[in-house]
Amino acid sequence: MTIEAMFRRTLGAFDLDVSLALPGTGVTALFGHSGSGKTTTLRCVAGLERAAGRLCVNGAVWQDGRRFVPVHRRPLAYVFQEASLFPHLSVRANLAYGERRVPGCDRRIWFEQAVTWLGLGHLLDRAPGKLSGGERQRVAIARALLTSPRLLLMDEPLSALDHQSRRDILPYLEHLRDTLSIPILYVTHAPDEVARLASHLVVLDNGRVAASGPLTATMAAVGLKTPESDSGVAFEATVVEREARWALMRAAFPGGSMWVRDDGRPLGARIRLRVLARDVSLALERAVDGSILNVLPARVLDCAPGDHPSVVMARIALGGSPERLRGGGNADRGTTLPAMDGETPLVSRLTARSMETLALGPGTPVWAQIKSAAVIG
Ligand SMILES: Nc1ncnc2c1ncn2[C@@H]1O[C@H](COP(=O)(O)OP(=O)(O)OP(=O)(O)O)[C@@H](O)[C@H]1O
């Protein structure tokens, strides 16, 4: 199941020309600088912009050279920055309005489900004016879901919220991502939302697709080419061990495992980790008496100039031969680490001087020293 989208649209001086093949489930983040064309792309998907091109959503053709399904006939829901609830109706009546827009036989999401998913049970009799910004947005999302859409479009749904409200609402969105079978296209320019929510990442630049692909690999590719102070890579891992004495837990992922702060998640839980490029240093020999817990075998994939002449970005792949894994890494040095098959790419920010001194280049085996890895979801 996929979403195929090809759009060409000129708006004043702006020229959008995108061609995308996106997964038919999960969250696809549309990311990019202001004015790069994120909202315009979403509006083309909705049919609000009449672009030239083609759009096929999980087998249903919404637009091609001959037909153009109008916006009100597309089974999608759109959530905007600001929740536009009916102020004179209670939360319950706002939700019922969404539900009534779909005949009973076409309903796939039910009132109680949406209320539970978004934690609205205690708010049903309130008026929208008596809700916080985050609560209003949760109602708007629930109302959108109650139209039983086959595609959910979200345009910077958290950007109008304060820091705490954003933190509070993210777990609801993670839950929706893991529960819903419908695809979500999610516009944002917040890297932390991309890292936490997305399974697929599209980067737009001046109306063109600069990158599109699975989250981890695409973050690594983008971090290499367009380094910014918070460039990093997010990836999924499984909690495999904990050390209560040090309040640490070990998370395994393709190609390695690492110790992170214990946040109480049970063994076997799937978590997301984020490692920033500035927290990864590289060494040719494994340090045996350093303070860094996570020292993992890796190899250099490629390098690119950083954002200053003194800086180089190196993309590396965590993972190595069983011999290297046995010898290396983590607090339990000398024992076999339960690395999962495969590799995980990371980006390392290092000085051009170190790059030359260590003679690093594509293929060089290295030890990646990871100073800090954050559990982000
Ligand atoms: N109706 C219009 N007429 C002329 N130009 C337009 C129109 N709509 C959008 N644009 C221009 O198209 C470009 C892309 O706009 P768009 O809103 O898609 O960007 P964006 O990536 O979503 O930006 P932001 O993150 O700031 O919301 C901008 O330069 C914008 O000024």
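Residues numbered from 1 in each chain as written. Predicted model: local features only at pLDDT ≥ 70, side-chain atom pairs only at ≥ 80, totals over all residues.

- The chain goes by Molybdenum ABC transporter ATP-binding protein in an unreviewed UniProt entry, where it is assigned to Acuticoccus sediminis.
- For the record of the chain, the UniProt heading Sequence similarities (unreviewed entry) holds the text "Belongs to the ABC transporter superfamily." (UniProt positions renumbered as here; feature names shortened; annotations may be inferred.)

### Side note on the overall build of the chain
Then, in step 1: If you tally the helices and strands in the chain, you get nine helices and 20 strands.
Then, in step 2: Its C-alpha radius of gyration of 23 Å places the chain within 12% of the 21 Å reference for a compact globule of 377 residues.
Then, in step 3: In terms of principal-axis extent, the alpha carbons of the chain reach across some 65 × 50 × 35 Å.
Then, in step 4: Across the 377 residues of the chain, 42% fall into the buried class.
Then, in step 5: The long-range share in the chain, meaning contacts at least 24 apart out of those at least 6 apart in sequence, stands at 72%. (Helix = DSSP H or I, 4+ residues; strand = E, 2+ residues; numbered from the N terminus. Rg over C-alpha atoms; globule rule 2.2 N^0.38 Å. Buried ≥ 20, exposed ≤ 12 C-beta atoms within 10 Å, placed from the backbone. Contact = placed C-beta atoms within 7 Å.)

### Describing the environment of Phe-14
Then, in step 1: Tracing the backbone shows Phe-14 in strand S2 (residues 14–23).
Then, in step 2: Its 13 C-beta neighbours within 10 Å are what place Phe-14 among the partly exposed residues.
Then, in step 3: Phe-14 sits 192 residues away from Asn-206 along the chain, and the two C-alpha atoms are 8.0 Å apart.

### Looking at the site of the ligand
Then, in step 1: Taken together, Leu-11, Gly-12, Phe-14, Gly-32, Ser-34, Gly-35, Ser-36, Gly-37, Lys-38, Thr-39, Thr-40 and His-189 make up all the residues around the ligand.
Then, in step 2: Considering each element in turn, the shell around the ligand owes the most residues, three residues, to helix H1 (residues 38–46).
Then, in step 3: Split into classes, the residues belonging to the shell around the ligand amount to two nonpolar, nine polar and one charged. (Near = placed C-beta within 6 Å. Nonpolar A, V, L, I, M, F, W, Y, C, P; charged D, E, K, R; others polar.)

### Thoughts on the pairing of strand S13 (residues 256–261)
Then, in step 1: Taking burial as the measure, the six residues of S13 include five buried ones, the bulk of the element.
Then, in step 2: Strand direction decides the pairing type here: strand S12 (residues 248–253) and S13, joined by six bridges, are antiparallel. Counted as the bridge partner of Arg-250 is Trp-259 from S13.
Then, in step 3: Where S12 folds back on S13, the antiparallel hairpin that results is connected by two residues, among which Gly-255 adopts a positive phi of roughly 95°. (Pairing = 2+ DSSP bridges.)

### Comments concerning the UniProt feature "domain: ABC transporter" (unreviewed entry) in the chain
Then, in step 1: In the UniProt entry, the feature "domain: ABC transporter" (unreviewed entry) is given for residues 1–231.
Then, in step 2: Regarding residues 1–231, the helix share stands at 32% and the strand share at 27%, and the terminal C-alpha atoms are separated by 31 Å.

### Observations concerning the nonpolar core
Then, in step 1: Counting residues in hydrophobic clusters, the biggest one holds 103 residues, and the most contacted among them are Ala-29, Ala-142, Tyr-186 and Ala-368.
Then, in step 2: Counting contributing residues per domain, this core is built from domain 1 (2–226) and domain 2 (229–237 + 272–321 + 336–371), each supplying no fewer than three.
Then, in step 3: Beyond its immediate sequence surroundings of up to four residues, Ala-29 is in contact with Tyr-186, Thr-188, Val-194, Leu-197, Ala-198, Leu-201 and Val-202. (Core = buried A, V, L, I, M, F, W, Y, C linked by C-beta atoms within 7 Å. Domains from an automatic or database assignment.)

### Let's talk about the domain arrangement of the chain
Then, in step 1: With domains assigned, the chain is organised as domain 1 (2–226) and domain 2 (229–237 + 272–321 + 336–371).
Then, in step 2: Taking the mean C-alpha position of each, domain 1 and domain 2 sit 34 Å from one another.
Then, in step 3: On the domain 2 side, the residues contacting the eleven residues of domain 1 number 17 residues.
Then, in step 4: Going through the elements one at a time, helix H6 (191–197) and helix H7 (215–225) are the ones with two or more residues in the side of domain 1 that touches domain 2.
Then, in step 5: Considering every element that reaches the side of domain 1 that touches domain 2, the biggest residue donor is H7, with eight residues.

### Side note on the sheet that holds strand S6 (residues 76–79)
Then, in step 1: Reading across the sheet, the six strands line up as S6-S7-S8-S3-S9-S10 and stay open at both edges, with mixed pairing between neighbours. The sheet is open, and its two edges are formed by S6 and strand S10 (208–214), each paired on a single side. When strand polarity is set aside, the average angle formed by the axes of neighbouring strands in this sheet is 15°.
Then, in step 2: Pairing between strand S7 (residues 151–155) and strand S8 (residues 184–188): four bridges, direction parallel. Looking at S8, one finds that Leu-152 is bridged to Ile-184.
Then, in step 3: The strands touched by helix H4 (residues 133–145) are S6 and S7; relative to S6, the strand with the most contacts, the crossing angle is about 170°.
Then, in step 4: Along the sheet face, H7 touches strand S9 (200–205) and S10 and points at about 135° away from the line of S10. (Axes fitted to C-alpha atoms, helices over the stretch in contact; angles between N-to-C directions.)

### What about H4?
Then, in step 1: End to end, H4 covers 19 Å across 13 residues, agreeing with the expected 18 Å (1.5 Å per residue, within 8%).
Then, in step 2: Here H4 has its buried residues at Gly-134, Glu-135, Arg-136, Gln-137, Arg-138, Val-139, Ala-140, Ile-141, Ala-142, Arg-143, Ala-144 and Leu-145.
Then, in step 3: Check the buried side of H4 and you find it contacts S6, helix H2 (91–100), helix H3 (111–117), S7 and helix H5 (163–179). (Expected span 1.5 Å × (residues − 1).)

### Let's talk about the sheet that holds S12
Then, in step 1: Here five strands make up an open sheet; going across it, the order is S13-S12-S11-S14-S20 and the pairing antiparallel. The sheet is open, and its two edges are formed by S13 and strand S20 (374–375), each paired on a single side.
Then, in step 2: By the bridge criterion, two bridges tie strand S14 (residues 270–276) to S20 in an arrangement that is antiparallel. Counterpart to Leu-273 in the pairing with S20 is Val-375.

### Notes on the environment of Leu-55
Then, in step 1: As for its placement among the helices and strands, Leu-55 is situated in strand S4 (residues 52–57).
Then, in step 2: Considering only alpha carbons, one finds Leu-55 and Pro-183, 128 residues apart in sequence, at a separation of 14 Å.
Then, in step 3: Sequence-distant contacts of Leu-55, that is, excluding residues within four places in its chain, are made with Ala-5, Val-45, Trp-62 and Gln-63.

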